[in-house]
Every structure is written in C-alpha cells, then in structure tokens.
Amino acid sequence: MNVSKVTAIFRKELKDMLRDRRTMISMIVIPALAIPLLIFVIASFSMSKARQAEEAEKTIAIVGIPESSLLYEAIAATGMNIARNDTLASAPNLLVLDKKLDLAVEFPPGFEGSVQEFFANRLETPPEVVLYYNESRLISEMALRTVRAVLQENRTNRTGEYLESKGLRADLLYPFHLQSNNVMPPEQQAGSQLGRIIAYIVMILMLTGSAYPALDLTVGEKERQTLETLLVTPAGRTDIVIGKFLTILVISLMATLITIISLTVTMTQAGSLMKGAGDLLSFQIGPRVIISVLVFLIPVGMFFSALLMAVGIYARTMKEGQSYSQPLFMLMILPAAMSMLPGMELSLKTIFMPVVNASLVIRELFMQNWSILPTAAAVFGLNLLMAALLLWVVYRMFHRESVLFRS
C-alpha cells in the first residue's frame, strides 16, 4: 500500500462526493434538519393531544348505585359528565367500545349491602366493581385513572372507618411506609432515555449514510465505466480499495456527527419551548460525551462501510445494489431496535451481538457512566475485528476480475 496514492484517491473521491447534491442532502439536510424537525413535530403533537384529552369533557356512565350515594357523588365531583342510565341505548361496555362513552363503571347489585356483609365476615369475597374503558383512546385512559383514584380512596376510607368502629386505629392499614429513592442522578436518567433514542437513530443514519457513497464508488463507477480508467492508473488495487473505503467512512462519520449534535441540541433546547417535557428535554450534553460516542462509532462505521462496499462490488448495476442493500437495512435495524427493549443491558451475551452492543454502549455513554469504559473497549475491539474481516473480504473481491466485472 502506497500512502501517497491512497491519499490522492481519498482526496479525489471525497471531493467528488462532497460536490454531489444527493450526498450533501443525505449527509447534512436530513440529519441536521429533517429528523430533528420530525422529532420536534411528533413530540409537540403528542403533548398537544395529551393536553386536549386532559381538558376535554369526559362522558361516563355509572351503573348499579343510586345518584344519592356518597360514592356516586364523589365520582360526580371530579367534573366529568355522567350520562343518565335511562338515555343509554345499549350496554355501557358496548357504548365505550363505540366511543359514545369514555368510561363505564358497573357496580354489582346490592353493592353497599355486599360491602357490609364482607366486613361482617358473612361474605367470603368482596364485591367487584368493573370499569370498562377503551385502551385505544387517551381520553378513556385518563377517565379511568381519575375514577380509579376516587374508588381507591373510597375503599381506603371505608376500611379505616370499619377499623375505627371496632376500636382499632385506621393507620393499621399501613403498618410500614415505603420510600423509593432513585439513586440515578437526573442527568443520568435523562441520558438513558436520550441515549436509547439517539443510539437507534444514529445506527440507522450511519447505515443509510454509508449506502449511497458505497454504492456510488463501486457499482456506480461500473455503470459510468470509469472504474476501468481508475484501474489503469499507477495506483494499485489495494490503494484504490483503501482510498474508497476511507471516503465512505469519513462521509458516514460526518453525517453521524452532524446527527448527534443536531439531535442533542434540538432535544435539549426544546424544553424551553415545550412546557412539561420533563428532564428529558432539559438534559445538557457536553463535548466529552459527543467525542466519546463518535470515537466509539468509528469501528461501527468501518463495519457498515465495508459491508456496503462489498455489496457494491458484487452488484452489476446500481438498481441491483440497492435491491441487495434493502435486506441489509432490515437486518441491521432489528438489532438496533432490540437495544431499546426493557432489560437490555451490557453483559457477556450482548457484547457479542453486533449493532446491539454498540447501541448499548452509546446509551451508557450518554448516561455518562464512565465505569463501562473497559467493557466499551472490548466492544470497540470486537467491532474493529469484524470490520477488518469485512474489509479483507472487500480486498479479495476487488482483486478478482470474475467478481469485479461479473456479467
């Protein structure tokens, strides 16, 4: 390998790529503008829908107890609109399903008497109150939470009154108190949530960011019939492979860096614009985290670049190369999505899972959990080894005429 020839090919290919409009769109416009804007719009829309559901009038039905009962009045005091039973056209649960009611509360016949019978130990099981709600509607879930809170408070009060009537203390219901203290600092909590999102998006964008330059510098040159001209230059095939590989890698890492900076700026600065966004949007990320993530992503970018470069060398046309790359996208996206599942942590098993291990390390780095650096180094080495093996495959393919110019 001749360093000067590799450098010349790298500079030439990088300059051509940066002059290409499609490369600039995939490297700058989409990561820096489109994706952050999409996330911001989705978050704003979700918060707007939640506020609308919270402020909207909720219509419920209460079946089985009279309007004069204290429990009925407690539910009515929440401000929700209670439909009259004589106006209900069909069963309350069906009306909830048809979205004509937001919630239906059904008490069993003789509810009050059954409660007293249970306290008197003349009934083995307490009466059951059924709440019908529609999980697909946010307004229905909010009505459920409100009514459930009223019922739970009423149940506690009833038990307390019964204990006091027997000369016992009402606080016997709570023989001990629970106090939950989350030892994770707020910035690490936000970093964990932000890391999950960014790790998934970065993996996808790094893959898609490598796709176009990888295919254009391989099968694209076949179609333009410029590959033959490059092969007769003084540069050897090894120099050409390394020069093209470095070009793809640099473009992929540039797109990744822009994505990370753009997403973190968007999500951390959006807190001032969206009230109630919580710690996630108030999280501040430092340059140390960005640099650590970018350095760690180098072998991942090498892996994706070599993989797509192999596809481009094998393909006969750009259309064929794109058809081959689509299944690869699915194979790479699924492991990235797996890293977002609850309970997925860095372990002896997950560090050997490509893409998953990188996504988990990125999440830990965003949490500023520097204690995982030894594990991250092991993952770095494993990904570097896989990238080197793939690059060796590319090298062998580029030296075989039957593969390079297959018909």
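This text goes with the structure placed above it.
Calculation rules
Residues numbered from 1 in each chain as written. Predicted model: local features only at pLDDT ≥ 70, side-chain atom pairs only at ≥ 80, totals over all residues. Heavy atoms only, no water. Buried < 20%, exposed > 50% of the residue type's maximum accessible area, 1.4 Å probe, protein only. Helix = DSSP H or I, 4+ residues; strand = E, 2+ residues; numbered from the N terminus. Pairing = 2+ DSSP bridges. Right-handed = clockwise from strand over helix to strand, strands pointing away. Core = buried A, V, L, I, M, F, W, Y, C linked by side-chain atoms within 4.5 Å. Salt bridge = Lys/Arg side-chain N within 4 Å of Asp/Glu carboxyl O. Phe/Tyr/Trp six-rings, centres within 6.5 Å; stacked < 30°, edge-to-face > 60°. Lys NZ or Arg CZ within 6 Å of the ring centre and 35° of its normal. Axes fitted to C-alpha atoms, helices over the stretch in contact; angles between N-to-C directions. Left-handed = near helix turned anticlockwise from the far one by under 90°. Contact = heavy atoms within 4.5 Å. Nonpolar A, V, L, I, M, F, W, Y, C, P; charged D, E, K, R; others polar.

(A) Representation of the pairing of strand β1 (residues 59-63). The buried count for β1 comes to four of five residues, which makes it a mostly enclosed element. The pairing of β1 with strand β2 (residues 81-83) spans three bridges and is classified as parallel. Looking at the pairing, threonine 59 lines up with asparagine 81 of β2. A crossover links β1 with its parallel partner β2, the connecting element being helix α3 (residues 70-76), and its sense is right-handed. One ladder, built from four bridges, connects β1 with strand β3 (residues 103-106); its direction is parallel. From the neighbouring strand, valine 63 faces β3, where its bridge partner is glutamate 106.

(B) Looking closely at the nonpolar core. Core analysis: the biggest nonpolar cluster contains 69 residues, and Met203, Val293, Phe296, Leu297, Phe304 and Ile362 have the highest contact counts within it. When contributions to this core are tallied by element, the ones reaching two or more residues are α1 (3-19), α7 (186-216), α9 (227-231), α10 (237-269), α11 (287-314), α12 (318-338), α13 (356-366) and α14 (373-398). Of all the elements, α11 adds the most residues to this core, at 16 residues. Counting residues in hydrophobic clusters, the runner-up holds 19 residues, among them Ile60, Leu71, Ile75 and Ile82.

(C) Just the pattern of salt bridges, in detail. Scanning all chains against the criterion turns up four salt bridges. Glutamate 117 serves as the salt-bridge partner of arginine 122, at 3.1 Å between the closest nitrogen and oxygen.

(D) Inspection of the packing of aromatic side chains at higher detail. Under the criterion given, the structure shown has five aromatic pairs. A centroid spacing of 5.0 Å and a plane angle of 65° characterise the contact between phenylalanine 107 and phenylalanine 111, whose relative ring orientation is edge-to-face. For the pair shown, phenylalanine 107 and phenylalanine 111 are each scored as buried. Geometrically, the ring pair formed by phenylalanine 303 and phenylalanine 304 is tilted, given 5.8 Å between the ring centres and 55° between the ring planes. For phenylalanine 303, a relative accessible area of 14% translates into the label buried. Assessed through its relative accessible area of 1%, phenylalanine 304 is described here as buried. One aromatic cluster is present, formed by Phe118, Phe119 and Tyr162 through successive ring pairs. Over the aromatic face of tryptophan 370 sits the side chain of arginine 288, whose NZ or CZ is 4.0 Å from the ring centroid.

(E) Representation of the pairing of β3 in the model. Sheet topology note: the β3/strand β4 (residues 130-133) ladder contains four bridges and is antiparallel. Each bridged residue has a counterpart across the sheet, and for valine 105 the counterpart in β4 is leucine 131.

(F) Here's a closer look at the packing of α13 against α14. It is at 10 Å that the axes of α13 and α14 come closest, and there the two elements cross at 150°. Classified by chirality, the crossing of α14 by α13 is left-handed. Residues Asn357, Ala358, Val361 and Leu365 of α13 form the contact with α14, whose own contacting residues are Leu373, Ala376, Val379 and Asn383. The residue makeup of the contact of α13 with α14, split by class, is six nonpolar, two polar and no charged.

(G) Up close: the environment of glutamate 73. On the secondary structure map, glutamate 73 appears in helix α3. Leave out the neighbours within four places in its chain, and glutamate 73 touches Glu67 and Ser68.

(H) Structural view of α13. Buried residues dominate α13, accounting for 11 of its 11 residues. For α13, the full list of buried residues reads Val356, Asn357, Ala358, Ser359, Leu360, Val361, Ile362, Arg363, Glu364, Leu365 and Phe366. One or two residues past the end of α13 sits glutamine 368, with phi positive at roughly 60°.

(I) Quick peek at the sheet that holds β1. The strand order β2-β1-β3-β4 describes an open sheet built from four strands, whose pairing is mixed. Because the sheet does not close on itself, it has two edges, and the strands there are β2 and β4. Direction aside, neighbouring strands of the sheet carry axes that sit 25° apart on average. Along the sheet, helix α6 (residues 138-165) contacts β1, β3 and β4; its crossing angle with β4, the most-contacted strand, is approximately 165°.

Remember that the coordinates give geometry; whether it matters functionally is a separate question.
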